Amino acid sequence: MSLLAVSNLTKRYRRGGKTVTAVDDVSFHIEPGETLALAGPSGSGKSTIARLALRLIEPDAGGIEFEGDDFLALSGSPLRARRARLQMVFQDPLAAFNPRATVARVLDDPLRIHGIASRSERPRRIAALLERVGLSAGLAPRAIHEISGGQRQRVAIARAIATKPSLIVLDEALSALDVSVRGQILDLLLDLQRQERIAYLFISHDLGVVRTIAHRVVLLDGGRIAESGDARAIIDAPQSAVGKALVAATPRLNRSIGP
Amino acid sequence: MIPLRRFLHTPEAIAGAILLTALFAMALSASLLFPGDPQAIAGPALLPPFQDWSLPLGTDRLGRDVLAELFHGARTSLAVGLAAAAAALAVGAVVGTLAGFAGGLVDEMLMRTTDAFQTVPSFLLALAFVSVVGPSLGVVVIAIALGTWTGPARVARAEVLSIRERDYVASARAVGMHPLEIAFREVLPNALPPVLAMSSVIVAAAILTEAALSFLGLGDPNRVTWGGMISEGRAVLRTAPFLSIVPGIALVLTVLGIYLAGEGIVETTAVRRGLS
Amino acid sequence: MTALASIRELTVTYRRDGREVAALEKIRLDIMAGERLAIIGESGSGKSTLALAIAGLLPGSATVGGGVDWFLPSFDAKAPPSVLPDISPSRGEIGSSTGVSSPAAMVIGEIRDDGAISPLEGEMSGRTEGGLIERRAQKSASGRSRTPLLGRDIGFVFQDPSASLDPVMTIGKQIAEVARTHLGLTWPQAYTKAKTLLERVRLPDPDSALRAFPHQLSGGQKQRVAIAAAIAAGPKLLIADEATSALDTIVQAEIVALIRRLVAEDGMTLLFISHDIALAAELADRIAVFRHGKLVELGTTARIIGAPSQAYTRVLLDAHIGLDAAPLLNRSRLDA
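The written sequence of each chain sets the order in which its residues are numbered from 1. Naming scheme: in the order in which they are written, chains are lettered from A and ligands are numbered from 1. At least 70 in pLDDT is required for a residue's local features to be given in this predicted model, at least 80 for side-chain atom pairs to be given and counted, and no such filter applies to totals for whole chains, interfaces and linings, which use all residues.

Draft legend 1. Spatial organisation of the interface of chain A and chain B. Contacts between chain A and chain B engage 21 residues on the former and 14 residues on the latter. Under the DSSP-based scheme used, a helix requires at least four consecutive residues in state H or I and a strand at least two consecutive residues in state E, with every element numbered from the N terminus. Those elements that provide at least two residues to the side of chain A that touches chain B are helix 2 (76–82), strand 6 (86–89) and helix 3 (103–113) of chain A. The element best represented in the side of chain A that touches chain B is helix 3 of chain A, accounting for 3 residues. Here the side of chain A that touches chain B is composed, by residue class, of 12 nonpolar, 3 polar and 6 charged. Residues are defined as contacting one another if the C-beta atoms placed from their backbone atoms lie within 7 Å. Amino acid classes used here: Ala, Val, Leu, Ile, Met, Phe, Trp, Tyr, Cys and Pro are nonpolar; Asp, Glu, Lys and Arg are charged; the rest, including Gly, are polar.

What follows is the structure in structure tokens.
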């Protein structure tokens, strides 16, 4: 049984009287503990799929099965409860937090909402979460806008793992980070996956990163699946036009050249 | 105290602060300086100002101390102005947030209600409400709030519509937060600054509306109000114009002070936002 | 090779929450005429501050030490300074400094009528302290020199084309305005020039694009328009400040190819500001690595990539995840 199975997903937008099909008949599945990457140029529908899978927006057609249940059939309180198992980390960690929030409040929310820890127990749990993502527990009272971008993304990951999810959607979660920080966050994500068997739906336009951390990749173009399969096999030898274009456009660093 | 120093940066803000401080001082010291009923007879009727230093601003037709009335009137004006504005801002912010955040049918219903209130001139609305329910301080406050909450509601809704699409709202939904908690804990606080920027205009308008209601005899009869004082003085406008002029000036200075201070606050927050 | 500009001991500090924060510290760097120089750094490295300082676009709150010496040939006969439209007294002064090697210090507020390219003009004018950068004209090879004019001598391409284009002005007018202001063309001539430029940046259907508004174009197309506007007056120096960072990989490669071609065709000098060392290496002749406001390392691209002398440069190179990077997860395959 797949952890997440998306079938024939379709989403249309009306923009200025015209109907744009952002996601067109897309099907894929993610197994427990697996990383599936959605890659493609901008406008290929990868972020829309992420938001559909999280039910932040509703599809026009298709089905989503999560942990064996019809995810689209849930609503209200059962849906909110199930959200504990399906979390998200956004691209811009500054935009993903309430500008007035502190680190402690950001981590308190999921613990409180899902009744994971009592009020008196929460400060201890928050400290443990911070330490789990490699941050000092002393960071808790700080305001979100005071800490660095890398720290913010670690807090975002801590918030996502607070409810012990089985799947985390990473929507360009590494793109806004400095390269030196990106490596550390990547290591953290892989470590979490190994320890907690969390599956990732990894949205990215960076094929280099996709190739290093994803098991499988779905290449999207214009809302449709261009090709999908083993990440390294596809990126090393893409068959689709968009796959070839993406690979050709990725900058290469040839370090063998001497002075 | 850096924000205060920054607030007192412009001459307008300083003038506004001085006027407001004076107004608050008047309101707070009214019962200390003028204990007893300001509506009691204190001396001969129609005593002109600056004649008798125990009654510096003279007396009105019934021999009441104009200065005492002025001080006690400041209380009413401030109380009504602040309470009505607070009520209007609170109702407006809540209605605007619900409409903007919920969207769809809820938005339609709330905004059409807002339209309905906005199409009736707010003063007529207040007039009708007080006439029907009867004049008392609380009723006057509600009457004024009834006509002024629509502005804050529209501003709050516009702000919420943009905030609703931000990532942190999506993040709150993804974490499983209840929609009402998202609306009032995540969205509303961030939508407030432009709504609060309207508060000075609303307070000033509320004070003027209160004065107008009192002038028409629809104020709380048990309280001294500036509008009521002007109305009283109207009967003897030719012989004792000061009875209308003194509370009139107080009213003008109050509204001016609130407006200038409000401008100063908006300027201060704008500067701070520009720096960050 | 001769230098186009020589940055000497450039220090820029901002005041933030009452504290002085140094964005650049004693930078010494020569920009050679005709070269493609990449400035590489992470956030907070000062790379964008350097771009703004060179273009004279620093905000008024910045304090500047040191300066930039320019070695620009004087205005060509096609557009002598005296016939430039909307000439300001300050510009007259600069014109008269032609042929004189004495420093002509320049306040950034004085270049504010350069059209859409200079932002915050109202805030910058009238400032007497802060943001003042000494941009001296030096004797050039031809014996004549002057201080540079943004738009005329320096073309600037920003990261976000949606923010740098005027949303209520047609594409054609935005480009034509630059050509008209700096080349002394009439409006019809400027529009013809704008159409040629749109063809040069390979915008599909240039005729209808002239009449289009920015929101009708895609992100990549908008950046093409911004580049067309930046090169409209035939600048000597093109500064691209993270000009491809907001674009996806495919469009990024197209824009980089476009910049490479335009720089070669017009003999421009390119200053390419980027956080992506691999991207910079594909485009630049030389790379300057910045960190915490300091110049860490400077050298030819081959030398920096192949044999970096500084540890930080190696960190940046190692952090790059290319298509040949070793996968990190063979251990974590679903064997649990």
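Draft legend 2. The arrangement of the interface of chain A and chain C in detail. Opposite the 41 residues of chain A that make contact, chain C presents 36 residues. Counting only elements with at least two residues in the side of chain A that touches chain C, the list comes to helix 6 (179–196), helix 7 (207–213), helix 8 (231–236) and helix 9 (241–249) of chain A. Here the side of chain A that touches chain C gets 8 residues from one element, more than from any other, and that element is helix 6 of chain A. Taken together, the residues of the side of chain A that touches chain C sort by class into 16 nonpolar, 14 polar and 11 charged.

Draft legend 3. The sheet that holds strand 7 (residues 167–171) of chain A, seen in detail. All names here are of chain A. Taken together, the 6 strands give an open sheet; going across it, the order is 6-7-8-3-9-10, and neighbouring strands pair in mixed fashion. The open sheet has two free edges, formed respectively by strand 6 and strand 10 (224–230), since each of these has just one partner strand. Here the average twist between neighbouring strands, direction ignored, is 15 degrees. Two strands qualify as a pair provided DSSP detects at least 2 bridges between them. By the bridge criterion, 5 bridges tie strand 3 (residues 35–39) to strand 8 (residues 199–204) in an arrangement that is parallel. In the strand pairing of strand 8, A37 is matched with F202. Fitting a line to C-alpha atoms yields each axis, with helices limited to the stretch in contact; the angle taken between N-to-C directions then spans 0 to 180 degrees.

Draft legend 4. Molecular detail of the nonpolar core. By convention the nonpolar core is taken to be a set of buried residues drawn from Ala, Val, Leu, Ile, Met, Phe, Trp, Tyr and Cys and joined through C-beta atoms within 7 Å. Here exposure depends only on C-beta density: within 10 Å of a residue's C-beta, 20 or more other C-beta atoms make it buried, 12 or fewer make it exposed, and intermediate numbers make it partly exposed, the C-beta atoms being placed from the backbone. Ranked by size, the top nonpolar core spans 155 residues in total, and within it A53(A), L201(A), F202(A), V210(A) and V217(A) carry the most contacts. By residue number, the principal contributor to this core is helix 3 (residues 66–102) of chain B, which donates 18 residues. Core analysis: the next-biggest nonpolar cluster, separate from the first, contains 93 residues, F156(C), V157(C), I175(C) and A280(C) among them.

Draft legend 5. Geometry of the sheet that holds strand 3 (residues 36–40) of chain C. Residue and element names in this part refer to chain C. Strand order in the open sheet made by the 6 strands is 6-7-8-3-9-10, with mixed pairing throughout. In this open sheet, the two edge strands, each paired with only one partner strand, are strand 6 (154–157) and strand 10 (294–300). Shown here is a sheet whose adjacent strand axes are inclined to one another by a mean of 15 degrees, direction ignored. Where strand 3 lies against strand 8 (residues 269–274), 5 bridges are found, and the strand directions are parallel. Across the sheet, residue I40 finds its bridge partner in strand 8, namely S274. Taken strand by strand, helix 12 (residues 311–319) contacts strand 3, strand 9 (286–291) and strand 10, and its axis lies near 100 degrees from that of strand 9.

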